[in-house]
Each structure stands twice: as C-alpha cells, then as structure tokens.
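Chain by chain, the residues run as shown.
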Amino acid sequence: MSRSKKPLLSLSYLSVGFLFLCNPNISIFDILPDAVGYFFIVAAITDMSDLNHYFAEAKKRFLYLAWLNVGKVLALFLLLRILAINADQTAMISVFSLGFAVVECLFIFPAISALWTGFSYIGERDGILSVLPPLKNLFPYSYLFFAIKHFGSFLPELVLASVGHLNSFENATFQPMKLYPLLLFLAFVAVLVVGIYWLGLCRAYLKALKENEDFSLYLTEKEEKNERVLKAGRFFRQKSRVLFVLLAAFLLGVDFIINQNNLLPDALCGVCFLLFFLLVRKEDKSAKWGIYASLSYTLSSLAFSIFQYIYTLSYDYTAASYVRKAARLYSFIKVSAVWEAVSLAFVLLLLYRVLSLWINKHTGLSLETEQSVFTPSALQRELRKKNKILLTLGFLPALFHVIEVFLLSITLRHIVTEEEANAFYHEGQVLYFSRFEGSFWITLVLSLIWIVYGLLFILRLREEMRMKYCDFIDNT
C-alpha cells in the first residue's frame, strides 16, 4: 500500500497550527502570522476531510482564513504606505482592524466548531469514546479565546479615530488617544493569558490522543479501509495545485494603471506561467517550449515596466512627439512592448495545447463506466471549445496592449489663442494632447474579460477533475 508522508490526521501539524494562533494581534500586525497556523491546520486535516464531512467543512473555512490573513499582510503594507504619505490618517488603522476582525469572526467560529465536531463525530459515530470528554472544555474556551483575540485586535485602535489631537481640540480636558498605550497593553495581556491557557488545553488533548492506542489503531484501520478514496483525493489535490498556479497567473494579468504605471507588473503573471509549465513538463513534452516562452514573456514584461517607469519619471506620453530625448527613450518602450506581445502570444498558444491535452487526460469519466449522462467525448468537445474561446480572449488584450503603446505617442498640437489665454496659458503657447488618452481603459476591460473567463474555465476544469477522480471513485 502507498502511504502518505504524514498520518491520516496529523496531530503534530495541528499542535503547530494552534501555536501560531495563540498570540495576540496588534491591529492587523501579527507577530506569529495566523496564516501559517491556518495552513498547518489545513494540512493536518486534509486527508481526513475526504472521509469526514465535518473536517471537510473545517478545512474549507480554515483555508478561507489562511488566504484572508495573507491579504492582511498585503493590507499592512498598504496601510504603512498610506501613513507614510499622510501620518494624520490614523483612522485608517481603525477601519482596517475592525474590517479584518469582523470578517475573520465570520469564519473562525464555524471553522473551530467544525473541527471539534469532527473529533466528536469520531467518538460518537466510530466508538472512540476517549475522544469525547475533553471536548466539553475545548468548545467554550475556543470560542472565548477567539472572541477576546479579535475584539482585542481592534478595540485599542478605535481611539485613533478620535479628532482630539487636532488644533481645535488642544484645550480639551479629555483626549481619547492618550488611552491608546493602556488599552493596547491590557488587550495584549488579556489575549496572551487566555491564548496560552487555550493552547495548553489543546496541546494536552492532542498529546493524549497521540498516546492513545485505540485512536492510533482507528486512524490506521481507517486509512487502510479507504486507501482508494484517499489516493484519489491526493491525486486530485496534486493536479488542483497546478491549476491554482494558472489561476494566479490569470489574476496577476490584470492591468491596473495608476500614474501611468501598472500596479501589478505583468512580469508576475509571467512567473506564474513559467511555474505552471514547469509543473506540467513531465506530462506534456511541448511544455518545455512554454517554459522558454514564459521566460521570454517575464523578461520582456520586466523590461517594459522598467523603461516605462524611467520614462514617466521625467515625461508624459505626449513628450515623445516633440522632445528628442523622450522619443529615443520611448522607442525602448515600443520595442519591449512588441517583444512582450509576441512572447505572450506564444505563451497563449502553448497554454492552449497543454490545456487541450489536460482536458483529454483529466476530464470525463473512465471508459469502464456507462453511468455518465454526458459521454466523455461530448464533455471534452465542450471544454475544448471553451479553451479556444480562452485563447481568442487572451489574444485581444495582448494585441491591444502593444497597439496602445503606439497610440499614446500620437498627439494633437494646439496653439493657445488670445481668447483662450488665462492665468495658466499665455497666447501663442504650444500645447500637446494625446489623441487617444484613456485608451488604457480598453486594455483593462479586455484583460478583465479574459481573466474572468479564464478563472471560470479553470474552476470548471477542476470540478470535472473532481468528478472523474473523486465523486465517481466507486464506479471507475
């Protein structure tokens, strides 16, 4: 029998996950990142989630929490950037703290409830009675700890929303902001004390289970009895991770332009495409060309971003039509844009080929079964058609992006007349306007259409994979 590297239910991973959760959050700053703890918990119960629907529910919610906390880290950098620009925007801290605390509470209580209910199910349904007694304390103390933790993360920050520090309130007898250090200290101590006690309860429970022979025997028998289901689930997750890399590539492909610069450089999208082709190279020999194309796309996108950044530091797009130095520098932008578009076109063509083979291999029910409403060929024809649409939609933003670079350098020349002269413009002054200013909106819309369609297509592929490898495991 092929055994996994970790047990069916990893109590050690759970213990490590709880360790990362027991510490206080200061606003959205976390000394031990909760995201790491949530990922450990997900890894601990993933195999068991194939056999126990309570663990499946817990896994789903803890996974949401993990990615939410990854977003919190990104939000922290955004918050620091806002405060660096304007230190008076302390109210933003309260907004971020309260927002994340509320959203986390929406997931953490059902998640922790599903986790302990999963253990309770093992005790009541499978007869491992030693699992049950400690759960009477773990349920309420878990709710209490996470309530205090998230309440304590935003309560001190609320006083930062006060306007008592403004000049008009200098003579006020009471300024709430002065309470911030005290509230922060009290919240930190309260969460830390309750968190350590909660962690002690959890680790004592997990240690007892680890030393319990009945529980260990139960996990061994459970894994042996459900070997086929577990193997299918692991294979499905392995392939799903490959598709999630492709999902990331689509998400990073959107062009959000602010101050003439893309907030999400396309080089990040190229790196994800490169990783995707690296992961599928053993299944499809043509993926090696996808590696080269993705590498070319990444380098060209990086070059384009660098040249664009250098150019916009000193010039606007109209300068390329009347300033010789600007025109020379803008020529590098044009060359890198063409290089980027050609590279992306090859990436899309190779992606189309790889996904076509993926559809043939990983979708549709096994030929051994006749219990499918849709025949495999009909399903695969539908998915191949969607794959062609994805290819077409991908070409549109790639093509228009390079066209846009040339359009932005086309300008209108206008001489200010006597009637138009004012405090800002004098008579005879020459003004230049971009003839196609705002064309980046077309690129944004086209890229969003491609991205949304790509996300829906990849999720559909993943669902068809689940049907083939997991949902109909007993019929294949």
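Residues numbered from 1 in each chain as written. Predicted model: local features only at pLDDT ≥ 70, side-chain atom pairs only at ≥ 80, totals over all residues. Heavy atoms only, no water.

As a further point, take the side chain of S10. As for its position among the elements, S10 is in the segment before α1 (11–21). With a relative accessible area of 3%, S10 lands in the buried category. For S10, the side chain forms a polar contact with the main-chain nitrogen of Y13, separated by 3.2 Å. (Helix = DSSP H or I, 4+ residues; strand = E, 2+ residues; numbered from the N terminus. Buried < 20%, exposed > 50% of the residue type's maximum accessible area, 1.4 Å probe, protein only. Polar contact = N/O pair within 3.5 Å; in protein donor to acceptor, adjacent residues only side chain to side chain.)

For the rest of this paragraph, the subject is a nonpolar patch on the surface. Side chains of L179, L182, F185, L186, V189 and V193 sit close together on the surface and give an oily, nonpolar patch of about 540 Å² of accessible area. Mapped onto the fold, L186 is located in helix α6 (residues 180–211). For L186, a relative accessible area of 47% gives the class partly exposed. (Patch = residues over 30% accessible without salt bridge, like charges linked within 9 Å, V, L, I, M, F, W, Y side chains within 5 Å. Areas by Shrake-Rupley, 256 points an atom, 1.4 Å probe, with all protein chains shown as cover. Salt bridge = Lys/Arg side-chain N within 4 Å of Asp/Glu carboxyl O.)

Turning our attention to the packing of helix α8 (residues 227–251) against helix α13 (residues 440–471). α13 packs onto α8 with a crossing angle of 175 degrees between their chain directions and a minimal axis gap of 10 Å. In terms of orientation, α8 and α13 fall into the roughly antiparallel class. Where α8 approaches α13, its residues A232, G233, F235, F236, K239, S240, L243, F244, L246, L247, F250 and L251 are matched on the opposing element by W450, I451, G454, L455, I458, L459, L461, R462, M465, R466, Y469 and C470. Residues of the contact of α8 with α13, tallied by class, amount to 18 nonpolar, 3 polar and 3 charged. (Axes fitted to C-alpha atoms, helices over the stretch in contact; angles between N-to-C directions. Parallel < 35°, antiparallel > 145°, perpendicular 65-115°, else oblique. Contact = heavy atoms within 4.5 Å. Nonpolar A, V, L, I, M, F, W, Y, C, P; charged D, E, K, R; others polar.)

To continue, consider the pattern of salt bridges. Where charged atoms of side chains with opposite charge meet at close range, the side chains can pair. On inspection of all chains with the given rule, the structure shows 12 salt bridges. Of the charged contacts in the structure, one is a salt bridge between R61 and E57, with a shortest N-O distance of 2.6 Å. Of the two residues, R61 and E57 both sit in helix α3 (residues 53–85), 4 residues apart, roughly one turn of that helix. One salt bridge connects E464 with R460, and the closest N-O pair in it is separated by 3.0 Å. Of the two residues, E464 and R460 both sit in helix α13, 4 residues apart, roughly one turn of that helix. Using a relative accessible area of 10% as the deciding quantity, one classes E464 as buried. Accessibility expressed as a relative area gives 24% for R460, which makes it partly exposed. Shared partners join several salt bridges into a network, and the residues in it are D47, D50, E223, R234 and R237.

Moving on to the side chain of D34. As for its position among the elements, D34 is in helix α2 (residues 34–49). Under the relative-accessibility criterion, D34 is labelled buried at 1%. Looking at D34, its side chain comes within polar contact range of the side chain of K149, at 3.0 Å. Those residues in contact with D34, other than ones at most four positions away along the chain, are F20, L21, N23, N25, N69, E104 and K149.

In this section: the packing of helix α5 (residues 135–154) against α6. For the pair α5 and α6, interaxial distance at closest approach is 9 Å and the crossing angle is 155 degrees. Classified by the interaxial angle, the pair formed by α5 and α6 is roughly antiparallel. Of the two elements, α5 crosses α6, and the hand of that crossing is left-handed. Of α6, the residues touching α5 (which contributes L135, L138, Y141, S142, F145, F146, I148, K149 and G152) are A187, A190, V191, V194, G195, Y197, W198, L201, C202 and Y205. Of the residues in the contact of α5 with α6, the class split is 15 nonpolar, 3 polar and 1 charged. (Left-handed = near helix turned anticlockwise from the far one by under 90°.)

The next point concerns the environment of G195. Of note, G195 is situated in helix α6. Note: C-alpha distance between G195 and P24 (171 residues apart in sequence) is 7.8 Å. Among all residues touching G195, those that are not within four sequence positions of it are C22 and F145.

Here we take up the environment of L138. Of note, L138 is situated in helix α5. Residues L138 and C202 lie 64 residues apart in sequence; the distance between their C-alpha atoms is 7.1 Å. In contact with L138, other than residues within four places in its own chain, are W116, L201, C202 and Y205.

That's the geometry; what it means functionally is another story.
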